[in-house]
Every structure is written in structure tokens, then in C-alpha cells.
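# Examining the three-dimensional arrangement
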Amino acid sequence: MDVNLVLRSTRVITPEGTRPASIAVSGGTIAAVLPYEAEVPAGARLEDVGDDVVLPGLVDTHVHVNDPGRTEWEGFWTATRAAAAGGITTLLDMPLNSLPPTTTVENLRVKQEVARAKAHVDVGFWGGALPDNVKDLRPLHDAGVFGFKCFLSPSGVEEFPELDQERLATSLAEISGFDGLMIVHAEDPHHLAAAPQRPGGAYADFLASRPRDAENTAIENLINQARRLDARVHVLHLSSSDALPVIAAAKAEGVKVTVESCPHFLTLTAEEIPDGATEFKCCPPIREAVNQDALWQGLADGTIDCIVSDHSPSTADLKTPDFASAWGGISSLQLGLPAIWTEARRRGFDLTDVVRWMSEGPARLAGLTRKGAIEAGRDADFAVLAPEATFTVDPADLQHRNRITAYAGKTLHGVVTSTWLRGERIADNGTLAKPSGRLLERNN
């Protein structure tokens, strides 16, 4: 192959570990990972990033772009710029909060057309599983969605109703018939209905309204269904560490279950959230520090497969000081890597762990075989990180459309100095290139 780029660093994270290396790129693909001092092929451009660490581009499989229909909340232009600025080179868009939701092939085509000219990074799509769209699941699968999202409790938007246990079984049976993947917002509606509901600004009251039991029961029921139907299921945004032993046991038994958690559950704690600070509201909620410690143990032992953002923004007016009525969602797309790295390094993990959780794991979940690692044959997608550098989060510096974030004022380790998509630099110290992302389909 004709090599057109060599990216060199004293610290390149590969599947075999971190080492000095020169990455040869040809036509947007990694041609070879060469020794550091390897001769640069004739005609190739050398980019030497010194001691900055070269990571495989991050993959975020849980992003609410909200475009079209609620583009004032985010949009493909701003979401993908934020992703690029944060070292993310691939994202998968959730099927709800946009209008229309991605619940039919026709609706998928609408979203693809809207995204096509705006994508600064590669973008794929999840489909949605609703009570009345079982007939649409196989056509969506054939059209290239990466799997199907459902809720087991109200989603927060009326056009995306939840599945009860009977309809969950019906949808799972259909999806397992073509070896599809169901990704699940797992909170049990009966436990939520029984929990105390107190409006107001007290975070403790909001936390009590979304108890761990709601997650634990929903996950147990989901695992039972997956076992019975031999279905592939994925637990979204795990918040309750109480569910980890059940998940670990199911995995050991051979049940096809995977699980993710999110930066906000792993770096923020209930104890630090001021009353009225609804930029911290999400469902399920940010829980106590002791719960967070157990989630990190779940990452360490492999029970938790990956970390993704669940970036779910809204306009400022929807973040009222009342936790009961405020929109539930954390905006963190641009900040996930430094937030996780800051906490990971404090807990004794290294960047190879972060790559496993934020690049390899999500790529494996989605079946993105060209993403998630720096090795020959993969897309030349890279995030270049100055891991010892720090910065203080200023919302004005974010690329998100609505610059509301729970991380405002926090000092974080890890500055993304550049991001590369198929061998082209798409972000350079905060300066973004023109959109060059592609629309991805499953197994393509």
C-alpha cells in the first residue's frame, strides 16, 4: 500500500500495550504499526506528536443527538463537533428525542439525510423497539441499524412508549430470530411508582424517587428473559452497583448480557450535588460514593464492559431548579475522556484501561470491527492526548449547542490535542475541520 501519513509518538497504545511507535497510514487505513525509528516511506508526511499519547479514536455508542425535531437541544453539527473535540471518532445516535424517532426504515432515512452533511465524525444509528412496531424490527435491522433500544419505564417523551414484560418478550423473540441486539433502559416501573415522589430542589428527594431496587429488579427480569429466549441484551447506563453480582453470575452462566456505565456515575457523587443543581439530574440517578467505588470494581473485574456518555442535552429552560420536573440528562460528550482519565488515574488505572473501556469495548458491542484499536487493517482513527496536562472546565469552551454541564468549574487531567478520522486531522487544539464523517451501517 502507498503510505501517505506516518503518525509518530513515544507512547502509542496498541492491543499489545503502550510503546514508542510510528503508525503508517494508507488511504485512511492503518497499514502497519512500525518501530519508532522506522524510516518514513517516500512521499509520506510525518506527524510527530512527541510524548503525547496516541489512543485509538473513542467510540461512544450512547448519544442523544435529537436531530431532527429537537435540534434546539443539540443536533448533528454540534454533537459531532463536540465528539471530535473530545477525542471521539465514532458515535451511535439513540432512536429517541428526535422527531421522528428511529422506529421505521422511513424514519431512519430521514435521520440519515439530516446527518449526512453535518457529521464531523462517523455516525451510526440504533433503532427503537416500541409496543406497536415489532413488524418494523427486521426491516430496520436489514437497513443497517446496530440494534434496538427499549425502555421498561416511561421514556420522558410520549412518542417513545415503554415495553411491559409481555411486549419485551415479543420484541426479544423477534430480535433474537435474526441475532439482533436489544439495548435496555432498565428501571422497573412498579418500583418507581411505589417510591416517594416529592417535588422540589432537594437532591436527596430525587434520589429516593429512583431507588436502586428499580434498576435491580428490571435487570433481573431482563436477564431472565434473555436466558429463556437465548437473546442478546445490553444494560444501558448502569447506576446501581447492587446489580453487579447478578450480572456477573449471568455472564458466567453464558447468558448473552453486556453492560455499560457512564462518566457521571463514575466521577460524580450524590454527596456533592447541591440542591437545585439539576444539571446533575439523570435517570437512573447519580448515586453515593460507596456505590461508585463498587462500579469501579465492576470495571476492574470486567463485569462492566464499557463506558459511554449517555449525552442527553436539553435547552436551559428545561433544567428548572425542581428535580421532579427538570429534564433528566447529563451533557458530557466532549468531556468524557478527561473526566474518566482524571478519576481512573486517581484510582491506579492507566490509559490502556481507559482505551479498553471507551474504545475497544463500545466498538465490540456495536460490531464495529474497523474501530477500537491501533493495528493494521483498522480505520486510522486516533485521539492524541496530553495526559499530564490539566484544564478547568469552562462551559463557554464546549462545542455542545447548550453549554450546560455538571462538570463546570472542575479541573480535569488530559487535554485532547488532536483527533484524526481515517488519517485526516479533524480537530487540532480546539479548531475543527470541515465535516468529513461517514454514515455507518451494521456490518458495513
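So, here is what we can say about the structure in this document. (Residues numbered from 1 in each chain as written. Predicted model: local features only at pLDDT ≥ 70, side-chain atom pairs only at ≥ 80, totals over all residues. Heavy atoms only, no water.)

## Looking at the nonpolar core
Threshold: Put simply, buried Ala, Val, Leu, Ile, Met, Phe, Trp, Tyr and Cys residues joined by side-chain atoms within 4.5 Å make one nonpolar core. Here the term buried applies to any residue with accessible area under 20% of the maximum for its type, exposed to any over 50%, and partly exposed to those in between, with areas from a 1.4 Å probe on protein chains only. Contacts: residue pairs with any heavy atoms within 4.5 Å of one another.
By size, the foremost hydrophobic cluster in this structure holds 96 residues, and its most contacted members are Phe-148, Met-182, Leu-238 and Ile-286. Filtering out sequence-adjacent residues up to four positions away, Leu-238 remains in contact with Glu-215, Ile-219, Ala-243, Leu-244, Ile-247, Val-259, Glu-260, Ser-261, Phe-265, Leu-295 and Ile-304. In terms of nonpolar packing, the next biggest core, distinct from the first, is built from 20 residues, Trp-126, Leu-130, Leu-181 and Leu-236 among them.

## So, the sheet that holds strand E8 (residues 122-125)
Selection criterion: At least two bridges found by DSSP between two strands are what make those strands a pair. The way it works is that DSSP assigns letters per residue, a run of H or I at least four long becomes a helix, a run of E at least two long becomes a strand, and they are numbered from the N terminus. Note on method: axes are straight lines fitted to C-alpha atoms, helices fitted across the in-contact stretch only, with angles between N-to-C directions ranging 0 to 180 degrees.
The 3 strands are arranged E6-E7-E8 in an open sheet whose pairing can be described as parallel. The sheet is open, and its two borders are formed by strand E6 (58-63) and E8, each paired with just one other strand. Mean inter-strand twist for the sheet, computed between neighbouring axes without regard to direction, equals 20°. Against the sheet, helix H12 (residues 351-366) makes contact with E6 and strand E7 (88-93), and its axis sits at roughly 55° relative to E6, the strand it touches most.

## Topic: the packing of helix H11 (residues 336-346) against H12
Helix-helix packing is characterised by the crossing angle of the two axes and by the distance between the axes. The test is simple: Each angle is binned into one of four classes, with values under 35 degrees roughly parallel, values over 145 roughly antiparallel, values of 65 to 115 roughly perpendicular, and all other values oblique. Note on convention: near helix rotated counterclockwise from far helix by under a right angle means a left-handed crossing. Clockwise means right-handed. Residues are grouped as follows: Ala, Val, Leu, Ile, Met, Phe, Trp, Tyr, Cys and Pro are nonpolar; Asp, Glu, Lys and Arg are charged; all remaining types, including Gly, are polar.
Look at H11 against H12: their axes get within 10 Å of each other, and the N-to-C directions meet at 135°. Between H11 and H12, the interaxial angle falls into the category oblique. Seen from above, H11 lies across H12 with right-handed handedness. Residues Gly-336, Leu-337, Ile-340, Trp-341 and Ala-344 of H11 form the contact with H12, whose participating residues are Leu-351, Val-354, Trp-357 and Met-358. Considered class by class, the residues forming the contact of H11 with H12 number 8 nonpolar, 1 polar and no charged.

## Some thoughts on helix H3 (residues 134-142)
To be explicit about the condition: In this context, the arc is that of the directions from the helix axis out to the C-beta atoms.
Every buried residue of H3 is listed here: Asp-136, Leu-137, Leu-140 and His-141. Considered in projection along H3, the buried side chains sweep an arc of 135° and stay on one side of the axis. Of the residues in H3, the exposed ones pointing more than 90 degrees away from the buried face are Lys-135 and Asp-142. Structurally, H3 contributes buried residues whose contacts are with helix H2 (105-116), strand E9 (127-128), strand E10 (148-151) and helix H4 (165-176). Phi for Gly-144, located one or two positions after H3, is positive at around 110°.

## Quick notes on the layout of surface pockets
Stated formally: For each structure, a 1 Å grid was placed over the protein atoms alone; sets of points admitting a 1.4 Å probe that cannot get out are labelled cavities, open sets with protein on both sides within 12 Å along at least five of seven lines are labelled pockets, and lining residues have an atom within 4 Å of a point. Grid points are joined across faces, edges and corners, and a volume is the space filled by probe spheres set on the points.
Of the volumes computed, that of the largest pocket is approximately 560 Å³. Those elements giving two or more residues to the lining of the largest pocket turn out to be E10 and helix H6 (203-209). Of all the elements, H6 adds the most residues to the lining of the largest pocket, at 3 residues. The residue inventory of the lining of the largest pocket, partitioned by class, reads 13 nonpolar, 12 polar and 6 charged. Quantified by volume, the second largest pocket comes out at close to 370 Å³. Together, 20 residues line the second largest pocket, and Ala-85, Gln-334, Phe-391, Val-415 and Val-416 are the ones closest to its centre. When contributions to the lining of the second largest pocket are tallied by element, the ones reaching two or more residues are strand E15 (382-392) and strand E16 (411-421).

## With respect to the pattern of salt bridges
Rules: We define a salt bridge as a side-chain nitrogen of Lys or Arg found within 4 Å of a carboxyl oxygen belonging to Asp or Glu.
What the rule picks out here adds up to 30 salt bridges. Between Arg-347 and Glu-343 there is a salt bridge; the shortest N-O distance is 2.7 Å. Judged by its relative accessible area of 9%, Glu-343 falls in the buried class. A cluster of three or more residues bridged by salt bridges with shared partners is formed by Asp-122, Arg-370, Lys-371, Asp-379, Asp-381 and Arg-422.

## Quick look at the packing of aromatic side chains
So the rule is basically this: Two rings from Phe, Tyr or Trp (for Trp, the six-membered ring) form a pair when their centres are within 6.5 Å of each other. A pair whose planes differ by under 30 degrees is stacked, one over 60 is edge-to-face, and the rest are tilted. Charge-over-ring contacts are defined here by two conditions on Lys NZ or Arg CZ: a distance within 6 Å of the ring centre and an angle within 35 degrees of the ring normal.
Summed over the entire model, instances satisfying the criterion amount to 10 aromatic pairs. Taking 6.1 Å as the distance between ring centres and 65° as the angle between the ring planes, the aromatic pair formed by Phe-76 and Phe-125 counts as edge-to-face. You can see Phe-76 sitting in helix H1 (residues 76-85) and its partner Phe-125 sitting in strand E8, a full 49 residues away along the chain. The class of Phe-76 is buried, set by a relative accessible area of 0%. Seen in terms of ring centroids, Trp-296 and Trp-357 are 5.7 Å apart; in terms of plane orientation they differ by 75°. Their pairing is edge-to-face. Here the residue Trp-296 occupies a position in helix H10 (residues 289-300), and Trp-357 occupies one in helix H12, the gap between them amounting to 61 residues. Side by side, Trp-296 and Trp-357 carry an identical accessibility label, which is buried. What links up through ring pairs into an aromatic cluster is the set Tyr-203, Phe-206 and Phe-323. For Arg-8, the ring lying beneath its charged end belongs to Tyr-36, and the centroid distance is 5.5 Å.

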